Amino acid sequence: MVGIGSAPLWLKRALYAADASSPRKKILVAIFQRGAADGLNIVVPHGDKAYYGLRPTIAIPRPASGEDKAPDAAIDLDGFFGLHPSLAPLKPLFDQQHLAIVDAVGSPDPTRSHFDAQDYMESGTPGLKATADGWMNRALPQQTGKASPLRALSLGPVLPRAMRGGNPALALDRIGDFQVRNAPAAKTFEQLYLETKDPALQAAGRETFKAVSMLQAIQRQPYTPDSGADYPRGRFGDSLRQIAQLIKADVGVEMAFADIGGWDHHVNELGARASEGQLANLLREYGQALCAFWRDLGDRMADVVLVTMSEFGRTAHENGNRGTDHGHANSMFVMGGAVRGGKVYGQWPGLEKEQLYENRDLALTTDFRDVLGELVARHLGNAPLSGVFPGYDPKFLGLV
């Protein structure tokens with residue numbers, strides 16, 4: 001049935017999964033929220049009264065049942081924490097225990113520089129600028145047999161810091177754009193690579209043109225997301241759609257990376273209502289994209305874990321411009337079929353003045369490497385974490 005193309009999609013996947021000669025690989029997808037997202041208004045600690053004292057004009061209202069108030073109120077998760085109302089598409093995943101949240105998490109380094117904090121988080125070595133490669137590159141499991149040229153990929157014009165290193169990784173803006181558009185020129189370039197006496201350059205050329213060939217084959221097939229998945233318009237939604245397409249094409253993806261910017265809200269973080277303004281609009285795109293990715297992959301999410309992160313959080317107290325400034329601890333989302341979700345992980349430090357970090361920020365109680373380390377070891381199966389996060393021994397939370 002599979003051979004003649006008449007089998008339903010679910011049966012094809014079941015037969016593929018049962019074939020011991022072509023086992024599915026586990027896949028880790030990392031999402032970076034560049035600009036320092038406001039974790040306190042994303043995962044709202046509505047059970048901490050100090051939160052509302054610190055943010056008199058930009059706090060997300062407590063959960064409410066009235067039709068006139070509910071669109072602007074936090075969506076209750078466990079009686080203490082709630083989601084921003086724009087993240088309503090993610091609530092069913094939390095209820096079905098496929099979405100976990102880690103709060104008061106982040107990098108222990110005290111920097112408030114976007115550049116340095118992103119560098120430390122992507123290198124996986126907070127405070128060390130000399131690290132040459134990224135944590136995702138180091139976390140790729142040791143390859144047995146021939147590796148796919150699409151094993152590690154990033155959607156974007158430049159390979160992110162997290163993916164740079166000794167293992168080959170690919171950056172592409174769009175699947176169809178990864179090619180030499182002039183056919184004779186492409187053939188000439190390929191021949192030059194193959195004829196060079198440098199074995200490293202020859203291997204790189206061979207893998208590059210193999211990737212081009214695979215991506216062109218994928219691009220020739222019209223793609224329609226499954227299960228009515230509706231990706232939002234824009235770069236982030238398009239990135240997740242293409243990652244899903246590549247995963248479902250079974251081309252050997254093991255790691256993927258995408259980012260979404262625009263989180264540095266120093267001024268007017270909220271509009272006149274909590275459901276309006278910069279943060280609400282960005283979270284609406286973010287939540288819809290994550291939900292569409294889940295729906296699109298369907299049963300394939302059994303092999304996929306998606307994790308989100310941002311370089312640091314925002315100040316606990318709002319500033320004088322209805323915004324927030326650079327802070328410290330934040331929140332991370334972990335989504336997947338094998339995730340032990342339906343829970344907010346981590347120790348809540350409190351928001352009273354004496355509980356704040358440097359009297360201004362949410363204090364950190366979980367190192368981001370604890371989250372990533374568990375996913376690398378237990379999901380990807382790359383247990384020796386000393387090479388992934390040198391100098392640090394991750395403490396697992398029980399996320400997967």
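Residues numbered from 1 in each chain as written. Predicted model: local features only at pLDDT ≥ 70, side-chain atom pairs only at ≥ 80, totals over all residues. Heavy atoms only, no water.

> Hey, could you run me through the overall build of the chain in this one?
Along the chain, the regular secondary structure elements total 11 helices and 12 strands. Across the 400 residues that make up the chain, the buried fraction comes to 54%. Long-range pairs, those at least 24 residues apart, make up 71% of the contacts in the chain between residues at least 6 apart in sequence. (Helix = DSSP H or I, 4+ residues; strand = E, 2+ residues; numbered from the N terminus. Buried < 20%, exposed > 50% of the residue type's maximum accessible area, 1.4 Å probe, protein only. Contact = heavy atoms within 4.5 Å.)

> How should I be thinking about the pairing of strand β10 (residues 330-336) in this particular structure?
Consecutive side chains along a regular strand alternate between the two faces of the sheet. With respect to burial, β10 is a largely interior element, 7 of its 7 residues being buried. In β10, alternate side chains face the same way, and those of Asn-330, Met-332, Val-334 and Gly-336 on one face and Ser-331, Phe-333 and Met-335 on the other are all buried. Summarising the sheet, strand β5 (residues 99-106) and β10 pair through 6 bridges and their orientation is antiparallel. Across the sheet, residue Val-102 finds its bridge partner in β10, namely Met-332. Where strand β9 (residues 304-310) and β10 come together, 3 bridges link them in antiparallel fashion. Residue pairing for β10: Leu-306 is matched across the bridge by Met-335. (Pairing = 2+ DSSP bridges.)

> What should I look at first to understand the pattern of salt bridges in this one?
Any two side chains of opposite charge can pair, given that their charged atoms come close. With the rule as written, the count across this model stands at 24 salt bridges. Salt bridges sharing partners connect three or more residues here, namely Arg-24, Lys-26, Asp-299 and Asp-303. (Salt bridge = Lys/Arg side-chain N within 4 Å of Asp/Glu carboxyl O.)

> Just checking my understanding: could you explain the nonpolar core for this structure?
As a rule of thumb, soluble globular proteins bury nonpolar side chains together. Tyr-286, Phe-293, Phe-333 and Leu-351 are the most contacted members of the largest nonpolar core, which totals 72 residues. Of the residues forming this core, the biggest block, 11 residues, is contributed by helix α10 (residues 278-297). Judged by nonpolar contacts, the second largest core, of 36 residues, contains Phe-32, Met-121, Leu-375 and Val-376. (Core = buried A, V, L, I, M, F, W, Y, C linked by side-chain atoms within 4.5 Å.)

> When you look at helix α9 (residues 235-248) in this model, what are you seeing that I'm missing?
In this model α9 runs 20 Å from its N-terminal to its C-terminal C-alpha over 14 residues, within 8% of the 20 Å that 1.5 Å per residue would give. Judged by how many residues are buried, α9 sits mostly within the fold: 13 of 14 residues are covered. Looking one or two residues past α9, Asp-250 carries a phi angle of roughly 55°, positive in sign. (Expected span 1.5 Å × (residues − 1).)

> Please explain the sheet that holds strand β4 (residues 82-83) as it appears in this structure.
Adjacent strands of a sheet form backbone hydrogen bonds with each other and so pair up, either parallel or antiparallel. The 3 strands lie next to each other as β2-β4-β3, forming an open sheet whose pairing is antiparallel. Bordering the open sheet on either side are β2 (43-44) and β3 (75-76), each of which pairs with just one other strand. The pairing of β3 with β4 spans 2 bridges and is antiparallel. Pairing of Asp-76 across the sheet is with Gly-82, part of β4.

> Just checking my understanding: could you explain the side chain of Thr-366 for this structure?
Relative to the helices and strands, Thr-366 is located in strand β12 (residues 366-367). Those residues in contact with Thr-366, other than ones at most four positions away along the chain, are Val-102, Asp-103, Ala-104, Val-105, Gly-106, Gly-346 and Leu-397.

> Would you mind going over helix α5 (residues 114-123) with me for this structure?
Of all 10 residues making up α5, 8 are buried, and the element is well covered by its neighbours. Taken together, the buried positions of α5 are Asp-116, Ala-117, Gln-118, Asp-119, Tyr-120, Met-121, Glu-122 and Ser-123. On its buried side, α5 packs onto β1 (27-33), β5, α6 (135-139), β8 (255-260), β9 and α11 (368-379). Trailing α5 by a residue or two, Gly-124 shows a phi angle of about 75°, which is positive.

> Got a minute to help me understand the packing of α9 against α10 in this structure?
Working note: a packed helix pair is described by the angle between its axes plus the distance between those axes. Close contact between α9 and α10 brings their axes to 9 Å; oriented N to C, the two are set at 15°. In this view, α9 runs roughly parallel relative to α10, as classed from their interaxial angle. Remark: the crossing between α9 and α10 carries right-handed chirality. Side by side, α9 and α10 meet where Phe-236, Gly-237, Leu-240, Ile-243, Ala-244, Ile-247 and Lys-248 of the first sit next to Glu-285, Tyr-286, Ala-289, Leu-290, Phe-293, Asp-296 and Leu-297 of the second. Looking at side-chain class alone, the contact of α9 with α10 contains 10 nonpolar, 1 polar and 3 charged residues. (Axes fitted to C-alpha atoms, helices over the stretch in contact; angles between N-to-C directions. Parallel < 35°, antiparallel > 145°, perpendicular 65-115°, else oblique. Left-handed = near helix turned anticlockwise from the far one by under 90°. Nonpolar A, V, L, I, M, F, W, Y, C, P; charged D, E, K, R; others polar.)

> When you look at the packing of aromatic side chains in this model, what are you seeing that I'm missing?
Each aromatic ring pair is described using two quantities: the centre-to-centre distance and the angle formed by the ring planes. Here the structure, examined in full by the defined rule, presents 7 aromatic pairs. Seen in terms of ring centroids, Phe-80 and Trp-348 are 5.9 Å apart; in terms of plane orientation they differ by 70°. Their pairing is edge-to-face. One end of the pair, Phe-80, is in the loop between β3 and β4; the other, Trp-348, is in the loop between β11 (344-345) and β12, and 268 residues separate them in sequence. For Phe-80, a relative accessible area of 24% puts it in the partly exposed group. Cluster of aromatic residues (ring-pair linked, three or more members): Phe-80, Phe-81 and Trp-348. Positioned above the aromatic ring of Tyr-392, the side-chain terminus of Arg-369 is 4.0 Å from the ring centre. (Phe/Tyr/Trp six-rings, centres within 6.5 Å; stacked < 30°, edge-to-face > 60°. Lys NZ or Arg CZ within 6 Å of the ring centre and 35° of its normal.)

> How should I be thinking about the confidence of the model for the chain in this particular structure?
Note that predicted coordinates carrying low pLDDT should not be read in detail. Mean pLDDT over the chain: 88, with 82% of residues reaching 70 or higher. Scored below 50 in pLDDT, residues 1-22 shows 20 contacts in the model against residues more than four places distant or in partner chains. (pLDDT = per-residue confidence, 0-100.)

> In this structure, what is going on with unusual backbone geometry? I would like to understand it.
Outside of glycine, negative phi angles account for most residues, and trans bonds account for most peptide bonds. A positive phi angle is found at Asn-268, which is not glycine, with a value near 50°. Locating Asn-268 in the fold gives a position in the loop between β8 and α10. One non-glycine residue, Glu-358, lies in the positive phi region at around 55°. Its place among the elements puts Glu-358 in the loop between β11 and β12.

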